[in-house]
Amino acid sequence: MADPVTFLPCCSLTALFFCRIIKTVVKTFKYFFGLRFEVKGLENFKVEGPAIIVSNHQSILDMMGLMEVLPDDCVQVGKKELMYTGSVGLIIYLGGVIFINRKSTTSAKMVMAEVAKTMTTENVKVWVYPEGTRNCTGDLLPFKKGAFHLAVQAQVPVIPVVYSSFTTFYNPKKNLFTSGKIKVEVLPPIETKGLTSDDVSDLTDRCFRTMRETLFRLSGRPSEAKDSS
Ligand SMILES: CCCCCCCC/C=C\CCCCCCCC(=O)SCCNC(=O)CCNC(=O)[C@H](O)C(C)(C)COP(=O)(O)OP(=O)(O)OC[C@H]1O[C@@H](n2cnc3c(N)ncnc32)[C@H](O)[C@@H]1OP(=O)(O)O
Ligand SMILES: CCCCCCCCCCCCCCCC(=O)OC[C@@H](O)COP(=O)(O)O
């Protein structure tokens, strides 16, 4: 089956409408789950023009954390399987999610290249989970490079966002789910002006290191504990 084409309707009224509804509804979920969010650094989102936002991805609970900080002019990159989840797929499609096929690097790269062009003309930010999958271990998985290629191709800054580890209150394997506090930090933008594709690996490493340090700090875990770098 053909891969879905890139769809960046964030500027359209439909997407804005759906984003608002999703945000308002999902933001109320935290009261049922007993979760509190402590957000710092929101001023770092105030960059001129488009940007790539990268954050760690621990679980479906991230969708609540996403809505706590999501700028109005921002779309997310998601796996294309989400599009086939019935009404949820339809809602997030209408909300402007860009779907990629993770199993085909070629097709994902083509979609991302298209996004690089469109995000500049439409002046939107794009949110990518660079780990590429959910990971609730309290550490980061190695980053995929798509988000950073995208930032370099569009010559826009990368803004890292880090959510503290959920492991103290949430572990589906141990049936642990209690109330808890999630610390969120929006870090200062990392400029990419003048960088080329040769710099993507360095940029990826730099973001990874900064985000890992922040993750450990926010989660109260000493950074030397499991330092592989
Ligand atoms: C309580 C419940 C409440 C519920 C309510 C919720 C409401 C919510 C509403 C609405 C919100 C919806 C939100 C949805 C969110 C969904 C989240 C997800 O689905 S996360 C999974 C999908 N996202 C990703 O996978 C992105 C990250 N991945 C990437 O960027 C990858 O890089 C990707 C897919 C593009 C390629 O993956 P590779 O596995 O092939 O890995 P690589 O190592 O990065 O790439 C291979 C080679 O290709 C080059 N490459 C990659 N991208 C390139 C590019 N764009 N241009 C040129 N080269 C590129 C790389 O440099 C590398 O080459 P060299 O090793 O360096 O030689
Ligand atoms: C009008 C009523 C509006 C109600 C709003 C509710 C909308 C519900 C939308 C649910 C969106 C679900 C998004 C799931 C995101 C997610 O966490 O997907 C997992 C992927 O990242 C990674 O997948 P994997 O590799 O399997 O870990």
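This text goes with the structure placed above it.
Residues numbered from 1 in each chain as written. Chains lettered and ligands numbered in written order. Predicted model: local features only at pLDDT ≥ 70, side-chain atom pairs only at ≥ 80, totals over all residues. Heavy atoms only, no water.

Counting 36 residues, the largest nonpolar core has I52, M119, V126, F148, L150 and V158 as the members making the most contacts within it. Of all elements in the fold, only β2 (52–55), β3 (74–79), β4 (98–100), α4 (105–122), β5 (125–128), α5 (146–154), β6 (158–163) and α6 (200–218) reach the threshold of two or more residues within this core. It is α6 that provides the largest number of residues to this core, a total of eight residues. Each residue touching I52, except ones within four places of it in the same chain, is listed here: M119, V126, V128, A147, L150, A151, V156, P157, V158 and I159. In this structure, V47, I159, F166 and V184 belong to the second largest nonpolar core, which totals 26 residues. (Core = buried A, V, L, I, M, F, W, Y, C linked by side-chain atoms within 4.5 Å. Buried < 20%, exposed > 50% of the residue type's maximum accessible area, 1.4 Å probe, protein only. Helix = DSSP H or I, 4+ residues; strand = E, 2+ residues; numbered from the N terminus. Contact = heavy atoms within 4.5 Å.)

Read across the open sheet, the seven strands follow the order β1-β9-β6-β2-β5-β3-β4; overall the sheet is mixed. This sheet does not close on itself; its edge strands, each paired only once, are β1 (35–40) and β4. Going from strand to strand, the sheet's axes swing by 25 degrees on average, the running direction of each strand aside. Examined bridge by bridge, β1 and strand β9 (residues 180–186) share six bridges and lie parallel to one another. The partner of L35 across the bridge, within β9, is G180. Contacting β2, β6 and β9, α6 runs over the sheet at an angle of about 25 degrees to β6. (Pairing = 2+ DSSP bridges. Axes fitted to C-alpha atoms, helices over the stretch in contact; angles between N-to-C directions.)

The next subject is the packing of α5 against α6. Between α5 and α6, the least distance of the axes is 9 Å, while the angle of their chain directions is 120 degrees. Compared by their axis directions, α5 and α6 come out oblique. Considering the relative orientation of α5 and α6, their crossing is right-handed. Across from F148, H149 and V152 in α5, the residues of α6 making contact are V200, L203, T204 and C207. (Parallel < 35°, antiparallel > 145°, perpendicular 65-115°, else oblique. Left-handed = near helix turned anticlockwise from the far one by under 90°.)

Our next topic: α5. Three or more residues of α5 are buried, namely A147, F148, L150, A151, V152 and A154. Just downstream of α5 lies Q155, where phi reads positive at about 55 degrees.

Close to ligand 1 lie 32 residues; K79, T105, K145, G146 and H149 are nearest. In the environment of ligand 1, an oxygen atom lies 2.6 Å from a nitrogen or oxygen atom belonging to the side chain of K145. Take G146: an N or O atom from its main chain is 2.8 Å from an oxygen atom of ligand 1. Listing elements by their share of the shell around ligand 1, those giving two or more residues are α1 (13–33), α2 (62–69), β3, α4 and α5. In the shell around ligand 1, the residues fall into 19 nonpolar, eight polar and five charged. (Near = heavy atom within 4 Å. Polar contact = N/O pair within 3.5 Å; in protein donor to acceptor, adjacent residues only side chain to side chain. Nonpolar A, V, L, I, M, F, W, Y, C, P; charged D, E, K, R; others polar.)

Here we take up the environment of D139. Assignment of secondary structure puts D139 in the loop between β5 and α5. The buried category is assigned to D139, whose relative accessible area is 9%. C-alpha separation for the pair D139 and E213, spaced 74 residues apart in sequence, amounts to 9.9 Å. A polar atom in the side chain of D139 sits 2.8 Å from the side chain of R212.

On inspection of all chains with the given rule, the structure shows eight aromatic pairs. Measuring from centroid to centroid gives 6.1 Å for F143 and F148, while their planes differ by 10 degrees, and the two rings are stacked. Here F143 matches F148 in class, with each residue buried. Ring geometry for F143 against F208: centres 5.1 Å apart, planes inclined by 85 degrees, an arrangement best described as edge-to-face. With F143 in the loop between β5 and α5 and F208 in helix α6, this residue pair connects regions lying 65 residues apart in the sequence. Ring pairing ties together the aromatic residues F33, Y170 and F177, which thus form one cluster. (Phe/Tyr/Trp six-rings, centres within 6.5 Å; stacked < 30°, edge-to-face > 60°.)

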